[in-house]
Amino acid sequence: MSRLITQLNIGLIGGGTVGGGVYHALQRNGGLISSRLGVKLCVSQVAVRNLSKPRPVDIPQALLTTDWRAVVENPETHIVCELMGGLTTAKAVVTAALKLGKPVVTANKALLSAYGEELFELAKQRGGNLYYEASVAGGIPIIKVLREALIGNRITRLYGIVNGTCNYILTRMKLEGADFGAVLADAQQLGFAEAEPSLDVDGHDAAQKIGILASLAHGFWVPPERIHTEGIREVTPLDIQFAAQLGYTIKLIAMVKKFEAGKSSKSSRIQVSITPTLVPNSHVLANVNHVFNAILVRGDVVGDTLYYGRGAGQDATASSVLSDIADAALDLRCHTDQRVRAFVPHERDGKVMDIDDTVSRYYLRLSVIDKPGTLARIAALLGQSKIGISSVIQPEGHEGESVPLILMIHDASFSAMRKALTKIARLSVIKGAPVLFRVENFE
Ligand code: NAP
Ligand code: HSE
């Protein structure tokens, strides 16, 4: 009979926002978790970069080390948590631990986006496991939902607000008329913006997360370069105002839409994109504010389900790391290598659609010279591309060389829209680059 494990040691690689949060949460709720799992969890070492750095969470000096390798290789470390972020060293940490057959927990979406397929394969070969609940949507247990709770469903739609920083910026721009740069600085101060802000505001962080969810939901690895990615830099207070007049809220929406195989192909296709999107005010996602994230998942059996919670920050993220640690502990305690497999490829010939082939309604903002015939020339170019206009606003009260002109566009392919815009941008009455956002009705 195998020996009963009574205590498991956790090596934290990283004692910053998330690592500090995990340490603190285990201090607070370690006893509770132990009684639920039947095994005691103990943080045995914490690797950091700088031993003398002041830390908001008080981690005993005796636990700190700068030698991550020693933590990973220590035979007394049973579970390794990579909470340092970045790519190169983080990959070395995860690889070293998996090669030793140890379970690894990571919050690092950038690492998974770049190397997930390779790391999951390594975990499988070495009989370890790689857990990643905290890599997407902070405290929302969306990985568990897709991997376990909805295992009996084909996922036909997945819509998410998965970047807390962008949602925080867009919310404060809408509710307070706040300035983009000042709100971004606040988000950095609060600990949920990435050190490199373009990862958030240009959509890359959200693209990494939606790539992980799309891969998990559809059973084939979605390469990051196939994800159409737009950020929120082009969203101005004017757009937020016009969208509101039209009954919409602008959100950075991650989408995964499944389309059945056509006559010419056996494999199903998915759209994977991250774009600023006009969401009808009556839709629940329009009312997800500040750092909160939400993900709507539509399964062919269950219908629509919705998951809401804090998408970033110390405690929310720590909660997801704890859930993974508990799963790893159960694996070790029950001597089952991979009770819950990290990622199981099962649709190897699935394809990500070219964004040009996707169809949407659009919000188009142009800066135009206000003179007779302008609208007719624009409408003619759209008409030539068989693109229909559903409504037009030319707000009064704007003075100067150019004025804004807003057009709501009926369903059109992105390719047709792009081509028409290239022609429109060349018109002498157009000043500045056209701004185009998607409009989604969540059907
Ligand atoms: P952070 O506050 O910058 O913490 C990083 C930690 O790693 C620090 O303790 C740092 O040491 C340590 N570290 C860096 N390089 C190291 C090295 N070579 N050896 C040993 N330790 C090293 O970052 P974070 O916000 O906690 O993020 C950690 C991970 O969680 C990232 O992958 C991030 O994307 C992910 N995540 C973060 C959030 C969030 O809200 N912050 C949410 C979800 C996921 P020092 O303390 O000495 O500098
Ligand atoms: N920068 C990320 C966000 C942190 O704002 O959502 C959580 O992954």
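Residues numbered from 1 in each chain as written. Chains lettered and ligands numbered in written order. Predicted model: local features only at pLDDT ≥ 70, side-chain atom pairs only at ≥ 80, totals over all residues. Heavy atoms only, no water.

Caption draft 1: The overall build of the protein chain, seen in detail. A tally of regular secondary structure across the protein chain gives 13 helices and 17 strands. For 443 residues, the compact-globule estimate of 2.2 N^0.38 gives 22 Å, and the C-alpha radius of gyration of the protein chain, at 24 Å, lies within 12% of that figure. Counting only C-alpha atoms and orienting by the principal axes, one finds that the protein chain spans roughly 85 × 55 × 35 Å. The buried share of the protein chain, taken over its 443 residues, is 55%. Counting only contacts in the protein chain whose residues sit at least 6 apart along the sequence, the fraction spanning at least 24 positions is 75%. In the form shown here, the protein chain has an accessible surface area of approximately 19,300 Å², with 50% of it arising from carbon and sulfur atoms. (Helix = DSSP H or I, 4+ residues; strand = E, 2+ residues; numbered from the N terminus. Rg over C-alpha atoms; globule rule 2.2 N^0.38 Å. Buried < 20%, exposed > 50% of the residue type's maximum accessible area, 1.4 Å probe, protein only. Contact = heavy atoms within 4.5 Å. Areas by Shrake-Rupley, 256 points an atom, 1.4 Å probe, with all protein chains shown as cover.)

Caption draft 2: Quick peek at the side chain of Glu82. Mapped onto the fold, Glu82 is located in strand 4 (residues 79–82). Buried and without a salt bridge, Glu82 has Lys109 as its closest oppositely charged side chain, separated by 10 Å. Within the local environment of Glu82, its side chain forms a polar contact with the backbone nitrogen of Gly85, the two atoms lying 3.0 Å apart. With residues near it in sequence (within four places) discarded, Glu82 still touches Ile13, Ala90, Val93, Val94, Val105, Thr106, Ala107, Asn108 and Leu111. (Lys, Arg positive; Asp, Glu negative; His and termini not counted. Salt bridge = Lys/Arg side-chain N within 4 Å of Asp/Glu carboxyl O. Polar contact = N/O pair within 3.5 Å; in protein donor to acceptor, adjacent residues only side chain to side chain.)

Caption draft 3: Region of the structure containing the domain arrangement of the protein chain. If you check the domain split of the protein chain, you get domain 1 (7–138 + 314–333), domain 2 (143–310) and domain 3 (355–439). A separation of 27 Å is found between the C-alpha centroids of domain 1 and domain 2. Listed per partner, the contact involves 18 residues of domain 1 and 17 residues of domain 2. Inspection of the domain 1/domain 2 interface yields 3 salt bridges. The partner of Asp327 in a salt bridge is Lys144, and the shortest N-O contact between them spans 2.8 Å. Listing elements by their share of the side of domain 1 that touches domain 2, those giving two or more residues are helix 4 (109–126) and helix 11 (314–333). (Domains from an automatic or database assignment.)

Caption draft 4: Focus on the site of ligand 2. Near ligand 2 you find Lys109, Val162, Asn163, Gly164, Thr165, Phe192, Glu194, Asp200, Asp205, Lys209, Gly311 and Ala312, and these make up its full shell. For ligand 2, a nitrogen atom lies 2.6 Å from a polar atom in the backbone of Phe192. Here a nitrogen atom of ligand 2 sits 2.7 Å away from a polar atom, N or O, in the side chain of Glu194. Protein coverage of the free-state accessible area of ligand 2, which is 260 Å², stands at 92%. Those elements that provide at least two residues to the shell around ligand 2 are helix 6 (164–176) and helix 9 (204–218). Residue composition of the shell around ligand 2, grouped by class: 3 nonpolar, 4 polar and 5 charged. (Near = heavy atom within 4 Å. Nonpolar A, V, L, I, M, F, W, Y, C, P; charged D, E, K, R; others polar.)

Caption draft 5: Summary view of the environment of Ala326. Among the secondary structure elements, Ala326 is positioned in helix 11. Each C-alpha atom of the pair Ala326 and Val39 lies 9.4 Å from the other, and the pair is 287 residues apart in sequence.

Caption draft 6: Structural detail: the pattern of salt bridges. Summed over the entire model, instances satisfying the criterion amount to 13 salt bridges. Taking the shortest distance from any N to any O, the salt bridge between Lys91 and Glu118 comes out at 2.9 Å. Of this pair, Lys91 sits in helix 3 (residues 88–99) while Glu118 sits in helix 4, and the two are 27 residues apart along the sequence. Residue classification places Glu118 among the partly exposed positions, given a relative accessible area of 44%. Here Asp202 and Arg233 are joined by a salt bridge, their closest N and O atoms 2.6 Å apart. Separated by 31 residues along the polypeptide, Asp202 in the loop between helix 8 (198–201) and helix 9 and Arg233 in the loop between strand 8 (228–229) and helix 10 (237–245) bring together distant segments of the chain. A single network of salt bridges, built from pairs that share partners, joins Lys109, Glu194, Asp205 and Lys209.

Caption draft 7: Structural detail: the site of ligand 1. Lining the immediate surroundings of ligand 1 are 23 residues, of which Val18, Asn50, Lys53, Arg55 and Gly313 lie closest. One of the backbone nitrogen or oxygen atoms of Arg49 is found 3.0 Å away from an oxygen atom of ligand 1. In the environment of ligand 1, an oxygen atom lies 2.8 Å from a nitrogen or oxygen atom belonging to the backbone of Asn50. Computed on the free molecule, ligand 1 has an accessible area of 910 Å², of which 83% lies beneath the protein chains in the complex.

Caption draft 8: Quick look at the sheet that holds strand 6 (residues 130–131). The sheet built from 6 strands is open, its strands ordered 3-2-1-4-5-6 with parallel pairing. Among the strands making up the open sheet, the edge pair consists of strand 3 (64–65) and strand 6. Across 2 bridges, strand 5 (residues 104–106) lies against strand 6 in parallel orientation. Residue pairing across strands places Val104 opposite Leu130, the latter belonging to strand 6. (Pairing = 2+ DSSP bridges.)

Caption draft 9: A look at the pairing of strand 14 (residues 359–368). The element strand 14 is extensively covered by neighbouring structure, given that 7 of its 10 residues are classed as buried. Pairing of strand 14 with strand 17 (residues 430–439) involves 7 bridges; the strand directions are antiparallel. Pairing of Ser367 across the sheet is with Lys431, part of strand 17.

Caption draft 10: Region of the structure containing the side chain of Asn293. Here Asn293 is to be found in strand 11 (residues 292–299). What makes Asn293 buried here is its relative accessible area of 0%. Separated by 3.4 Å, the side chain of Asn293 and the backbone oxygen of Val291 make a polar contact. Not counting the four nearest positions on each side in its chain, Asn293 is found in contact with Ala137, Ile140, Ile161, Val162, Asn163, Gly164, Val288, Tyr307, Tyr308, Gly309 and Gly311.

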